[in-house]
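Architecture at a glance
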Amino acid sequence: GLIRHTPLYFFFLMIRRPPRSTLFPYTTLFRSLELKKKAKLRIDVSSGPVVINISDDLVFGKQSEVIIEPNGEADSELVTFNFADDDDDNGDDDFVEIGKKAKVLGTIIAPDARVVLQSKSRFKGTICAENIVVKSKVVALHHSVATSLPKAAPDGEDDDVPVAAM
């Protein structure tokens, strides 16, 4: 089924497969945004940019995918994920994770966090963070690159995808 969200404050949003979730333009606030394995987050930017503010956890799980409608990767600059952990006294490192073979589009702004791109993940956009960790066979492209991200290799296959600099 499809879950649609309008601009509101959400305490948590966890998207499991097979449901998809669609976000509409404007600013949305989440305490936690976590896409589970193979989950898809569709973001509709046909009426303007979408800004997603996350105050606690931002995780794009293994093989999850951010889909921007209507123009896909060409609209990656219209989506922004702002991450700022509001619980600085818990002793945990603040981090954003892009899981293995996940595909994420947009800008990630996480000035006090570590952003980890797991192996074979695909990212198109911009990342602003205190620390960025890039694992093996990651493809990362800037918004302005006309090239599309490659498709993920099927499970069990070891693809030889070159790493592209942002």
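Residues numbered from 1 in each chain as written. Predicted model: local features only at pLDDT ≥ 70, side-chain atom pairs only at ≥ 80, totals over all residues. Heavy atoms only, no water.

There is a patch of like positive charges on the surface, built from Lys37, Lys38, Lys62 and Lys100. Locating Lys37 in the fold gives a position in the loop between strand 4 (26–35) and strand 5 (40–44). Its relative accessible area of 42% is what places Lys37 among the partly exposed residues. (Patch = residues over 30% accessible without salt bridge, like charges linked within 9 Å, V, L, I, M, F, W, Y side chains within 5 Å. Areas by Shrake-Rupley, 256 points an atom, 1.4 Å probe, with all protein chains shown as cover. Salt bridge = Lys/Arg side-chain N within 4 Å of Asp/Glu carboxyl O. Lys, Arg positive; Asp, Glu negative; His and termini not counted. Charge placed at Lys NZ, Arg CZ, Asp CG, Glu CD. Helix = DSSP H or I, 4+ residues; strand = E, 2+ residues; numbered from the N terminus. Buried < 20%, exposed > 50% of the residue type's maximum accessible area, 1.4 Å probe, protein only.)

A word on the packing of aromatic side chains. For the coordinates displayed, the defined rule picks out 1 aromatic pair. An angle of 85° between the planes, with centres 5.3 Å apart, marks the rings of Phe60 and Phe81 as edge-to-face. In this pair, Phe60 sits in strand 6 (residues 50–60) while Phe81 sits in strand 8 (residues 79–83), placing the two residues 21 residues apart along the sequence. For the pair Phe60 and Phe81, a shared accessibility class is recorded, and that class is buried. (Phe/Tyr/Trp six-rings, centres within 6.5 Å; stacked < 30°, edge-to-face > 60°.)

Attention shifts here to the pattern of salt bridges. Enumeration according to the criterion identifies 6 salt bridges in this entry. In this structure, the salt-bridge partner of Asp56 is Arg31, at a minimum N-O distance of 3.5 Å. Separated by 25 residues along the polypeptide, Asp56 in strand 6 and Arg31 in strand 4 bring together distant segments of the chain. Between Lys36 and Glu34 there is a salt bridge, and its shortest N-O distance comes to 2.8 Å. Each of Glu73, Lys103 and Lys124 takes part in one network of salt bridges that share partners.

The next point concerns unusual backbone geometry. In this structure, the amide linkage connecting Glu69 to the following residue, Pro70, adopts the cis form with an omega of 10°. Its place among the elements puts Pro70 in the loop between strand 7 (65–69) and strand 8. Look at Lys38: it is not a glycine, yet its phi comes out positive at around 65°. Along the polypeptide, Lys38 turns up in the loop between strand 4 and strand 5. In the Ramachandran plot, Lys137 falls in the positive-phi region, its phi being about 60° despite a non-glycine side chain. According to the relative accessible area criterion, Lys137 is partly exposed, its value standing at 25%.

A separate point is the confidence of the model for the chain. Looking at the chain, pLDDT values average 81 and 73% of them are 70 or higher. Residue range residues 1–14 is modelled with pLDDT below 50. Its contacts to residues more than four positions away, or to other chains, number 40 contacts. (pLDDT = per-residue confidence, 0-100. Contact = heavy atoms within 4.5 Å.)

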